[in-house]
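The primary structure of each chain is shown beneath.
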Amino acid sequence: MLLAFAMPLAGCGFTPLYAERNDGAVVADLAGLDVSAPDDRLGRELKYNLLDLLSSSGNPPASPAYLVELAPIIYNEDLAIEPDADVTRKNLVMVVPFRLIDTATQKTVLRSTARSRSSYNRVSSEFANIVAAQNAESRIARAIASDIKLQLSIYFDRVASAGS
């Protein structure tokens with residue numbers, strides 16, 4: 001039964017995104033990236049989440065082939081407003097324009113944007129509100145890092161496919 005479902009995929013040219021190829025793997029290309037982000041809490045969280053996803057060690061390479069430059073923008077939206085003007089739910093939205101720079105030529109080879117949002121409840125405790133907002137920010141940073149990794153993987157897969 002499984003073989004019957006796999007046969008149409010073989011005919012369409014389907015290959016897994018992270019498959020090994022004769023000319024190298026997307027995984028090896030991703031491991032050759034370094035990440036540049038603003039030096040604040042959000043920038044560091046994005047940078048290290050992305051580095052953790054790009055290489056097994058979570059560290060940038062000594063001589064990276066490419067640099068991923070991140071420019072995060074984050075803002076809040078009031079979602080649930082009570083009749084007495086109390087906000088009981090907020091959306092946290094992050095938009096991260098990024099570009100992939102070839103370190104040998106200093107040319108931008110890819111420009112894109114990753115977006116994510118998360119909601120959290122607001123309560124009477126200000127400490128609980130701060131913790132909830134930080135938790136939402138961490139969730140968004142992980143989602144953005146995954147999205148950027150996927151976009152970079154697709155880029156490197158297309159470059160490898162075009163070269164062969």
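Because the structure is predicted, anything quoted here is derived from the model rather than measured.

Asks: Account for the overall build of the chain, naming residues and giving values.
Replies: If you tally the helices and strands in the chain, you get four helices and seven strands. For the chain, the succession of helices and strands along the chain, N to C, is α-β-β-α-β-α-β-β-β-β-α. Here the chain holds 164 residues, and the buried ones make up 35% of them. When contacts within the chain are restricted to residue pairs at least 6 apart in sequence, those whose partners lie at least 24 apart make up 64%. Surface accessibility of the chain: about 9800 Å² in total, with carbon and sulfur atoms responsible for 55%.

Asks: Can you tell me about the packing of aromatic side chains, naming the residues and giving the values?
Replies: Aromatic rings in a pair are described by how distant their centres are and how their planes are angled relative to each other. For the structure on display, the rule yields two aromatic pairs. Pairing Tyr66 with Phe156 gives two aromatic rings, centres 5.3 Å apart and planes at 65 degrees, and the pair type is edge-to-face. Pair noted here: Tyr66 is in strand E4 (residues 66-70) and Phe156 is in helix H4 (residues 126-163), with a separation of 90 residues, a long-range link. Each ring, one from Tyr155 and one from Phe156, has its centre 5.3 Å from the other, and the planes form 70 degrees; the classification is edge-to-face. Grouping residues by exposure puts Tyr155 and Phe156 together as buried. Among the aromatic side chains, those forming a connected cluster through ring pairs are Tyr66, Tyr155 and Phe156.

Asks: A description of the pattern of salt bridges should follow, citing residues and the corresponding values.
Replies: Inspection of the entire model under this criterion finds six salt bridges. The salt bridge involving Arg99 is made with Glu69; its shortest N-O contact spans 2.7 Å. Of this pair, Arg99 sits in strand E6 (residues 87-102) while Glu69 sits in strand E4, and the two are 30 residues apart along the sequence. By relative accessible area, Glu69 is classed as partly exposed at 28%. Lys90 is the salt-bridge partner of Asp78, the closest N and O atoms lying 2.9 Å from each other. Pair noted here: Asp78 is in strand E5 (residues 73-81) and Lys90 is in strand E6, with a separation of twelve residues, a long-range link. Three or more residues are tied together by salt bridges with common partners; here these are Arg41, Glu45 and Glu137.

Calculation notes
Note on numbering: residues in each chain are counted from 1, in written sequence order. Reporting in this predicted model follows two pLDDT cut-offs: at least 70 for local features of residues, and 80 or more for side-chain atom pairs to be given and counted; totals over whole chains, interfaces and linings ignore these cut-offs and use all residues. To obtain the side-chain values, all non-hydrogen atoms of the structure were used and water was disregarded. The helix count covers DSSP runs of H or I at least four residues long, the strand count covers runs of E at least two residues long, and both are numbered beginning at the N terminus. We call a residue buried when its accessible area falls under 20% of the maximum for its residue type, exposed when it is over 50%, and partly exposed in between, using a 1.4 Å probe and counting protein chains only. The contact criterion used throughout is that any non-hydrogen atoms of two residues lie within 4.5 Å. Each accessible area value is a Shrake-Rupley result obtained with a 1.4 Å probe; residue values ignore everything except the protein chains displayed when judging cover. Only Phe, Tyr and Trp rings take part, Trp by its six-membered ring, and two of them pair if their centres are within 6.5 Å. Stacked means planes under 30 degrees apart, edge-to-face means over 60, and tilted covers everything else. We count a salt bridge whenever a side-chain nitrogen from Lys or Arg sits within 4 Å of a carboxyl oxygen from Asp or Glu.

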